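Spelled out, the chains give:
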Amino acid sequence: MELIRINEVVESFGVSSRTLRYYEEKGLLWSQHPENKAQRYYDESALERLKQIIVLRKLQIPIKDIVTIFESESMSALIQVFVDKLDTLDVEITALSELRRLVDDFLHKMLISGIKKISAITLLYEETEKRIATTGESEPISLERVSEVSRNVLKLHDVRIIRLPSMRVLSSRLKTGEVEALDLDKMQNLFTSYGFSPNPSFHNCFFKKEINDEWVMMIKIPIDYENRTQYIDEHFQGGLYAVSSSFMEDMDDTFVLLRDWVNKSDDFELETGIEMIEEILPWDIAIKFNRYQQDVYIPIKMR
């Protein structure tokens with residue numbers, strides 16, 4: 001029986017060694033370690049399984065569903081996964097079709113209204129709120145419905161579950177009670193004079209959403225730090241969070257989608273706590289491309 005080295009598999013199938021290891025961790029794939037060989041090797045049956053996995057992933061079948069398919073070894077499981085995928089695609093196609101119709105209707109309204117200045121968009125938008133388009137039954141579609149369609153099109157990036165440790169933090173709320181107004185330059189440099197610099201995606205700097213929709217920056221500091229700054233320090237209790245990535249322009253909708261994901265989850269439910277974001281793009285890249293990407297955090301607990 002011929003065995004193929006992992007580096008040859010990586011090259012032939014266009015998957016990384018980390019992905020292969022992940023498939024093995026999930027019980028989808030297997031490898032062998034021949035005597036006196038440091039690398040992992042795969043036999044013909046493993047390579048055939050890998051081909052099947054790759055085909056299913058190209059069809060955007062989630063790993064958890066692929067596990068179900070191979071664990072059951074029945075066509076009924078495979079059929080059900082494909083039916084569920086078709087249902088998901090139908091929702092996305094419907095949302096995209098509806099969004100296209102709304103954009104087309106809005107463009108038509110702009111043209112027949114003879115709009116020549118961008119300022120007139122506001123007037124059209126107000127009119128749209130009353131009636132942007134009609135369905136076959138001539139029912140008005142509100143901006144609330146447009147927002148729903150937009151979120152359906154946006155979709156949610158893969159959700160991760162993260163447990164953050166408790167930590168002492170310095171916040172951007174002054175000891176006088178006011179919150180420091182933050183632009184990008186201030187976000188990078190607000191606490192640097194005190195020896196603290198935010199590192200995107202390092203879990204040491206967050207922006208928490210307060211009740212009045214104020215966003216307060218908080219950065220991790222040593223537990224024994226003597227706070228002689230003008231800013232309030234506090235204890236962040238940490239906890240379990242559902243997390244998904246979003247660009248700045250989609251952040252509000254991502255919060256809505258992530259809450260909805262938690263509400264529909266069989267394993268988790270919403271927890272009382274603070275919603276947060278964390279910058280994940282390095283500052284220089286964000287500035288150069290003018291794209292600001294965040295991780296959105298929603299507090300959760302296990303059911």
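Refer to the structure above for everything that follows.
Below you will find a few notes about this structure.

Rules of the game
- Each chain carries its own residue numbering, running from 1 in the direction its sequence is written.
- Predicted model: local features are reported for residues with pLDDT of at least 70 only, side-chain atom pairs are reported and counted for 80 or more only, and whole-chain, interface and lining totals are derived from all residues.
- Hydrogens and waters are ignored; side-chain quantities use all the structure's heavy atoms.
- The helix count covers DSSP runs of H or I at least four residues long, the strand count covers runs of E at least two residues long, and both are numbered beginning at the N terminus.
- In protein, a polar contact means a hydrogen-donor-capable atom and an acceptor-capable atom, both N or O and within 3.5 Å, with residues adjacent in sequence counting only if both atoms are side-chain atoms; elsewhere, any N or O pair within 3.5 Å suffices.
- By the convention used here, residues are in contact when the closest approach between their heavy atoms is within 4.5 Å.
- Each residue after the first adds 1.5 Å to the expected span of a helix.
- Summary of the burial criterion: residues with accessible area below 20% of their type's maximum are buried, those above 50% are exposed, and those between are partly exposed, where the area comes from a 1.4 Å probe applied to protein chains only.
- In this scheme Phe, Tyr and Trp rings, the latter by its six-membered ring, pair at centre separations within 6.5 Å, and the angle between planes marks the pair as stacked below 30 degrees, edge-to-face above 60, and tilted otherwise.
- DSSP calls a pair of strands paired once it identifies at least 2 bridges connecting them.
- Axis angles are defined between N-to-C directions and span 0 to 180 degrees, where every axis is a line fitted to C-alpha atoms and, for a helix, only to the segment in contact.
- Each angle is binned into one of four classes, with values under 35 degrees roughly parallel, values over 145 roughly antiparallel, values of 65 to 115 roughly perpendicular, and all other values oblique.
- Helix crossings fall into two classes, left-handed where the near helix is turned counterclockwise from the far one by less than a right angle and right-handed where it is turned clockwise.
- Here the nonpolar group is Ala, Val, Leu, Ile, Met, Phe, Trp, Tyr, Cys and Pro; Asp, Glu, Lys and Arg are the charged ones; every other residue, Gly included, is treated as polar.
- Residues grouped as a nonpolar core are buried Ala, Val, Leu, Ile, Met, Phe, Trp, Tyr and Cys residues, joined through side-chain atoms within 4.5 Å.

### Remarks on the side chain of E180
Then, number 1: In this fold, E180 is placed in the loop between β4 (167-174) and α8 (184-189).
Then, number 2: Within polar-contact distance, the side chain of E180 engages the side chain of Y231 at 2.7 Å.

### Concerning the environment of D295
Then, number 1: Residue placement: D295 occurs in strand β11 (residues 293-302).
Then, number 2: Sequence separation between D295 and L281 is 14 residues, and the spatial gap between their C-alpha atoms is 9.7 Å.
Then, number 3: If near-sequence neighbours (up to four positions away) are discounted, D295 is found in contact with R160, V243, S244, S245, M276, I277, E278 and I280.
Then, number 4: A distance of 2.6 Å separates the side chain of D295 from the side chain of R160, its partner in a polar contact.

### Remarks on the environment of I161
Then, number 1: Inspection of the secondary structure assignment puts I161 in strand β3 (residues 160-164).
Then, number 2: With 137 residues separating them in the primary sequence, I161 and I298 have C-alpha atoms 9.8 Å apart.
Then, number 3: Each residue touching I161, except ones within four places of it in the same chain, is listed here: L240, Y241, A242, W261, F268 and I300.

### Considering helix α9 (residues 251-264)
Then, number 1: The terminal C-alpha atoms of α9 lie 20 Å apart, and with 14 residues this matches the ideal 20 Å at 1.5 Å per residue to within 8%.
Then, number 2: Considered for burial, the residues of α9 that qualify are M251, T254, F255, L257, L258 and V262.

### Considering the packing of aromatic side chains
Then, number 1: Scanning the entire structure with this criterion turns up eight aromatic pairs.
Then, number 2: With a centroid separation of 5.4 Å and 85° between ring planes, the pair formed by F206 and Y297 is classed as edge-to-face. One end of the pair, F206, is in strand β5 (residues 205-209); the other, Y297, is in strand β11, and 91 residues separate them in sequence.
Then, number 3: Each residue in the set F206, F236, Y241 and Y297 is aromatic and connected to the rest through ring pairs, giving one cluster.

### Observations regarding the pairing of strand β6 (residues 215-221)
Then, number 1: Where burial is concerned, most of β6 is hidden: five out of the seven residues are buried.
Then, number 2: Pairing between β4 and β6: four bridges, direction antiparallel. Of the residues in β6, the one forming a bridge with S171 is M218.
Then, number 3: Inspection of the sheet shows β5 paired to β6 by five bridges, in the antiparallel sense.

### Structural notes on the packing of helix α3 (residues 44-58) against helix α4 (residues 63-72)
In helix packing, the relevant descriptors are the interaxial angle and the interaxial distance, both defined with respect to the helix axes.
Then, number 1: Packing of α3 against α4 brings their axes to within 10 Å, and their N-to-C directions diverge by 135°. Comparing their axes, α4 and α3 come out oblique. Along this stretch, α3 crosses α4, giving a crossing that reads as right-handed. Across the interface between the two elements, R49, Q52, I53, L56 and R57 of α3 pack against I63, I66, I69 and F70 of α4.
Then, number 2: Within the contact of α3 with α4, the residues separate by chemical class into six nonpolar, one polar and two charged.

### Quick word on the pairing of β11
Then, number 1: With respect to burial, β11 is a largely interior element, eight of its 10 residues being buried.
Then, number 2: The sheet contact formed by strand β8 (residues 239-247) and β11 spans seven bridges and is antiparallel. Counted as the bridge partner of F247 is Q293 from β11.
Then, number 3: Across three bridges, the pairing between strand β9 (residues 268-270) and β11 is antiparallel. Bridging across to β11, E269 finds its partner in K301.

### Some details on the nonpolar core
Nonpolar side chains in soluble globular proteins tend to be buried together.
Then, number 1: L170, F191 and F196 are the most contacted members of the largest nonpolar core, which totals 25 residues.
Then, number 2: Elements supplying a minimum of two residues to this core: β4, β5, β6, β8, α9 and β11.
Then, number 3: Looking at this core, the element that brings in the most residues is α9, giving four residues.
Then, number 4: Of all hydrophobic cores here, the second largest spans 22 residues; its members include A46, L47, I66 and I69.

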